[in-house]
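# Structure at a glance
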Amino acid sequence: MERLNKFISRCGEASRRKAEELIRSGAVSVNGKIVSAVLLVDPDLDEVCVNGRKISPPDRLVYYMINKPIGYASTLSDPHIDRTVKDLLPVSERIFPVGRLDVDSCGLMILTNDGELTHKLTHPSYEHEKEYEVFASWIIKYPGRTKGRALLLKFEEGVLIDGIKTLPAKVDCRKIDETGILFRIVLKEGRNRQIRKMCEAVGLSVRSLTRLRIGKLELGDLMPGEFRKIKLEDIVDSPFIR
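Residues numbered from 1 in each chain as written. Predicted model: local features only at pLDDT ≥ 70, side-chain atom pairs only at ≥ 80, totals over all residues. Heavy atoms only, no water.

### Looking at the sheet that holds strand β2 (residues 28-30)
Using the following cut-off: DSSP calls a pair of strands paired once it identifies at least 2 bridges connecting them. Segments assigned H or I by DSSP are reported as helices when at least four residues long, segments assigned E as strands when at least two residues long, and all are numbered from the N terminus.
Strand order in the open sheet made by the 4 strands is β3-β2-β5-β6, with antiparallel pairing throughout. The sheet is open, and its two borders are formed by β3 (33-34) and β6 (53-54), each paired with just one other strand.

Right, here's the structure in full:
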């Protein structure tokens, strides 16, 4: 037996979190009956449908990395945005993004039909690292180099956003002057617009944000809009895989 949201994720339809949303919205049926809560299913006996279409685990798992440009949504469809990462990745497999980058951010994304990998890379309990390069300007008057660097140290302690303290981050200041501060930050969680909110909490406004790394997979020389097929071993080490 298997939890329904996990089975939907394993079929490459959505992440576990999105699968729960599909279930609550009435888009999922089991043996012909609409369900509204997560339940246990037998993958060998039960027929599961999403939006009227029977689903099953993919014959093979595929993995792609892409350098998402600014202006593209990191979803497969968005009624409010014309361009999504799907437009950049003309592949036949049903795949979905691992985590999000907002429209104004760019950099490394992974797309796959491996729901278990997606769950493990995005759930904060696994604490997998994601590295970003950020340039932020001063909301307040330039406080000077010493006090400016002290703002970044707050990220290492954790700052309060949306009423919840962030996990301690690793921060490396690259440049600081009157225009703003350039730094790299490593997170082990991925809350909505987290870096932008963290910066606002200490008096900074993000002007550019690029994701450089997910786990051990690095963006490298991949140009904006380009994608590349990769292997599971490129993303995670073998003890983590299953």
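### Section: helix α2 (residues 16-24)
What counts here: Relative accessibility under 20% of the residue-type maximum defines a buried residue, over 50% an exposed one, and the middle range a partly exposed one, all with a 1.4 Å probe and only protein chains included. Summarising the geometry, the arc corresponds to the directions from the helix axis toward the C-beta atoms. Contact between two residues is taken to exist if any of their heavy atoms lie within 4.5 Å; hydrogens are not considered.
Among all positions in α2, only R16, A19 and I23 are buried. For α2, the angular spread of buried residues about the axis comes to 50 degrees, placing them on one side. Of the residues in α2, the exposed ones pointing more than 90 degrees away from the buried face are R17 and R24. The inward-facing, buried residues of α2 contact α1 (4-10), β2 and α3 (115-122). At the C-terminal side of α2, G26 shows a positive phi close to 85 degrees.

### So, the pattern of salt bridges
Once the charged atoms of two side chains with opposite charge are near each other, the side chains can pair. Which entries qualify depends on this criterion: Salt bridges are defined as contacts in which a side-chain nitrogen from Lys or Arg sits within 4 Å of a carboxyl oxygen from Asp or Glu.
In the structure shown here, the tally under the stated rule is 18 salt bridges. Put simply, R213 and E129 hold a salt bridge, and the shortest N to O gap is 3.0 Å. One end of the pair, R213, is in strand β15 (residues 204-214); the other, E129, is in the loop between α3 and β10 (130-138), and 84 residues separate them in sequence. Overall, the relative accessible area of 13% leaves R213 in the buried class. Under the relative-accessibility criterion, E129 is labelled buried at 19%. One salt-bridge network, held together by shared partners, links E129, E131, E133, K170, R184 and R213.

### A few points about the pairing of β15
Across 2 bridges, strand β9 (residues 106-112) lies against β15 in parallel orientation. Within the sheet, the bridge partner assigned to C106 lies in β15 and is T210. Pairing of β10 with β15 involves 9 bridges; the strand directions are antiparallel. What sits directly across from F135, in β15, is S208. Between β15 and strand β16 (residues 217-218), which pair antiparallel one after the other, the connecting turn spans 2 residues, and G215 there sits at a positive phi close to 60 degrees.

### Focus: the side chain of N5
You can see N5 is positioned in helix α1. A relative accessible area of 4% places N5 in the buried class. Those residues in contact with N5, other than ones at most four positions away along the chain, are R16, A19, E20, I23 and V38.

### Overview of the packing of aromatic side chains
Rule in force here: The rule is short: rings of Phe, Tyr and Trp, with Trp giving its six-membered ring, pair when the centres are within 6.5 Å, and they are stacked under 30 degrees, edge-to-face over 60, tilted in between.
With the rule as written, the count across this model stands at 3 aromatic pairs. Centroid distance Y64 to F227: 6.2 Å. Interplanar angle 70 degrees. Geometry classified as edge-to-face. On the criterion of sequence distance, the pair formed by Y64 in strand β7 (residues 63-68) and F227 in strand β17 (residues 227-230) is long-range, its members being 163 residues apart. For F227, a relative accessible area of 34% corresponds to the partly exposed category. Their ring planes at 45 degrees and their centres at 5.4 Å tell us that W138 and Y142 sit as a pair that is tilted. Residue W138 is classed as buried on the basis of its relative accessible area, which comes to 12%. Taking the relative accessible area as the measure of exposure, Y142 reaches 23% and is therefore partly exposed.

### A few points about the nonpolar core
Which entries qualify depends on this criterion: The criterion is simple. A nonpolar core is a set of buried Ala, Val, Leu, Ile, Met, Phe, Trp, Tyr and Cys residues joined through side-chain atoms within 4.5 Å.
Counting residues in each nonpolar core, the largest one holds 35 residues, and the members touching the most others are F155, I181, F183, I185, I195 and L204. For this core, the secondary structure elements donating two or more residues are β7, β9, β10, α4 (145-157), β13 (170-177), β14 (180-187), α5 (194-201) and β15. Core analysis: the next-biggest nonpolar cluster, separate from the first, contains 15 residues, L117, L121, I230 and I235 among them.

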